[in-house]
Amino acid sequence: MYVYDVDKVYLFNVPRDKELIEYITEFIVNNGIKTGLIMIIGAVYDPVIGYYDHVKDQYIEVKLKGHYELVSGIGNISLREGKPIPHIHVVLGGRNGETYGGHLLSAKVFVAETMITSLTGPVLERERVTNTLWLWP
Ligand code: ZN
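None of these values were measured; they are calculated from a predicted model.

Rules of the game
Residues numbered from 1 in each chain as written. Predicted model: local features only at pLDDT ≥ 70, side-chain atom pairs only at ≥ 80, totals over all residues. Heavy atoms only, no water. Buried < 20%, exposed > 50% of the residue type's maximum accessible area, 1.4 Å probe, protein only. Helix = DSSP H or I, 4+ residues; strand = E, 2+ residues; numbered from the N terminus. Arc of directions from axis to C-beta. Contact = heavy atoms within 4.5 Å. Polar contact = N/O pair within 3.5 Å; in protein donor to acceptor, adjacent residues only side chain to side chain.

Caption draft 1: Expanded view of helix H1 (residues 20-30). All of the buried residues in H1 are Leu-20, Ile-21, Ile-24, Phe-27 and Ile-28. Each buried residue of H1 sits inside an arc of 130 degrees when the element is viewed along its axis, so together they form one side. Opposite its buried face, H1 presents the exposed residues Glu-22 and Asn-30, each directed more than 90 degrees away. Contact partners of the buried residues in H1: strand E1 (5-13), strand E2 (36-53), strand E4 (67-80), strand E5 (83-93) and strand E6 (99-120). Its side-chain oxygen 3.1 Å from the backbone nitrogen of Ile-21, Glu-19 forms the N-cap of H1. Two residues or fewer after H1 comes Gly-32, characterised by a positive phi angle close to 65 degrees.

Now the structure itself:
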């Protein structure tokens, strides 16, 4: 178990048409955030989510076309090879209320109301446990 103190809470909109993972990564690097929490709601288009196949040890990409509600985006920030990375899972809603969920690989932003909580405390560095997976020790 790791124990942290809350440092800051950042609230912002990701600009329209930005790629969400790229933008969040730039934000956390530029603000020196090494450990943190992420919450996002809004709407995205052309998202790609991953389903981890634990037998093949690889992510199967689910490529969705068109606009989806970003019903819930939740994630964390930790280090991988010394660099801070966001790890975000999403539930996406379609026009009939159907949902898709998974590990967010990419999405173009329509609206992304984002809350990032930076934490201070021990270094949280991911370790490679398979070809694909990097997990907290
Ligand atoms: Zn994941």
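Caption draft 2: Quick look at the side chain of Thr-117. You can see Thr-117 is positioned in strand E6. Ignoring any residue separated from it by four or fewer positions in sequence, one finds Thr-117 in contact with Val-6, Lys-8, Val-9, Thr-35, Gly-36 and Leu-37.

Without other data, these values stay purely geometric and don't point to any function.
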